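# Close look at the chain arrangement
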Amino acid sequence: YVAIVAEVEVAEDGTVSVPRATVAVDAGFVANPDRARSQMEGAVIMGLTAALWGEINIKDGAPVDNNFDTYKVARMNEYPRTVNVHWVKCIKWIEGAGEEAIPDVTCAVYNAIYKITGKRIREVPQALHVHDDDAAQADIDALKRLSQL
């Protein structure tokens, strides 16, 4: 089980950043806490990518984005500066810690955006839903230009 709180900032132009995330994990007995913490930190970054930019374009039944040269992923300067991970103490069973935090990041970020802006986001990625129409189109155009490099 995983719970996430995301500290979110929304700039005047609609740009979203997540300077800090806090993750609580009930993974049972954790044999290697450093490695498990790394898994949670990576899951936060993967979830952030999906929440903010994770659109996969489909044309004629096939994905247009077939590699990371056309699919935007979070860059190091877009990562949270801090990811705090807390473990529920348990010595009775082993569950595992891996990707289970990924979908929870989207929920935490979108709820924080709602709290800040009053705008609900109900579809991924956020980049197409929070900005005004001109800014959203500029984001789409920029992503298309990147795909042509």
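Residues numbered from 1 in each chain as written. Predicted model: local features only at pLDDT ≥ 70, side-chain atom pairs only at ≥ 80, totals over all residues. Heavy atoms only, no water.

## A closer look at the overall build of the protein chain
If you tally the helices and strands in the protein chain, you get three helices and five strands. Secondary structure elements in the protein chain, listed N-terminal to C-terminal, are β-β-α-β-β-β-α-α. The buried share of the protein chain, reckoned over its 149 residues, is 34%. In the protein chain, 63% of the contacts between residues at least 6 apart in sequence involve partners at least 24 apart. Carbon and sulfur atoms form 52% of the exposed surface of the protein chain, whose accessible area is close to 9,600 Å². (Helix = DSSP H or I, 4+ residues; strand = E, 2+ residues; numbered from the N terminus. Buried < 20%, exposed > 50% of the residue type's maximum accessible area, 1.4 Å probe, protein only. Contact = heavy atoms within 4.5 Å. Areas by Shrake-Rupley, 256 points an atom, 1.4 Å probe, with all protein chains shown as cover.)

## Describing the nonpolar core
Counting 29 residues, the largest nonpolar core has Ile 4, Val 8, Val 23, Val 25, Val 109 and Ile 113 as the members making the most contacts within it. Elements with a minimum of two residues in this core: strand S1 (2-10), strand S2 (16-25), helix H1 (33-53), strand S5 (82-87) and helix H2 (102-117). (Core = buried A, V, L, I, M, F, W, Y, C linked by side-chain atoms within 4.5 Å.)

## As for the packing of aromatic side chains
Taken as a whole and judged by the stated rule, the model has zero aromatic pairs. Across the ring face of Tyr 114, the terminal group of Arg 120 is positioned such that the distance to the ring centre comes to 3.7 Å. (Phe/Tyr/Trp six-rings, centres within 6.5 Å; stacked < 30°, edge-to-face > 60°. Lys NZ or Arg CZ within 6 Å of the ring centre and 35° of its normal.)

## Thoughts on the pattern of salt bridges
One pass over the full model with this rule turns up two salt bridges. The partner of Arg 20 in a salt bridge is Glu 7, with the nearest N and O atoms 2.6 Å apart. With Arg 20 in strand S2 and Glu 7 in strand S1, this residue pair connects regions lying 13 residues apart in the sequence. Classification of Glu 7 as partly exposed rests on a relative accessible area of 31%. Ionic pairing is found between Arg 37 and Asp 34, a salt bridge with its closest N-O pair at 2.4 Å. One end of the pair, Arg 37, and the other, Asp 34, are both in helix H1, three residues apart, so they sit about a helical turn from each other. (Salt bridge = Lys/Arg side-chain N within 4 Å of Asp/Glu carboxyl O.)

## A look at H1
Helix length check: H1 (21 residues) gives 30 Å between terminal C-alpha atoms against 30 Å at 1.5 Å per residue, within 8%. The complete set of buried residues in H1 reads Ala 36, Met 40, Ala 43, Val 44, Gly 47, Leu 48, Thr 49, Ala 51, Leu 52 and Trp 53. For H1, the secondary structure elements touched by its buried residues are S2, S5 and H2. (Expected span 1.5 Å × (residues − 1).)

## Examining the sheet that holds S1
By definition, the strands of a sheet pair up through backbone hydrogen bonds, in either a parallel or an antiparallel sense. One open sheet accounts for three strands, arranged S1-S2-S5; its pairing is mixed. Two strands in the sheet have a free side with no partner beyond their single neighbour: S1 and S5. On average, each strand axis in the sheet is inclined to that of its neighbour by 15°, with strand direction left out of account. Relative to S5, S2 runs parallel, the two sharing six bridges. For Val 25, the partnering residue across the bridge sits in S5 and is Trp 87. (Pairing = 2+ DSSP bridges. Axes fitted to C-alpha atoms, helices over the stretch in contact; angles between N-to-C directions.)

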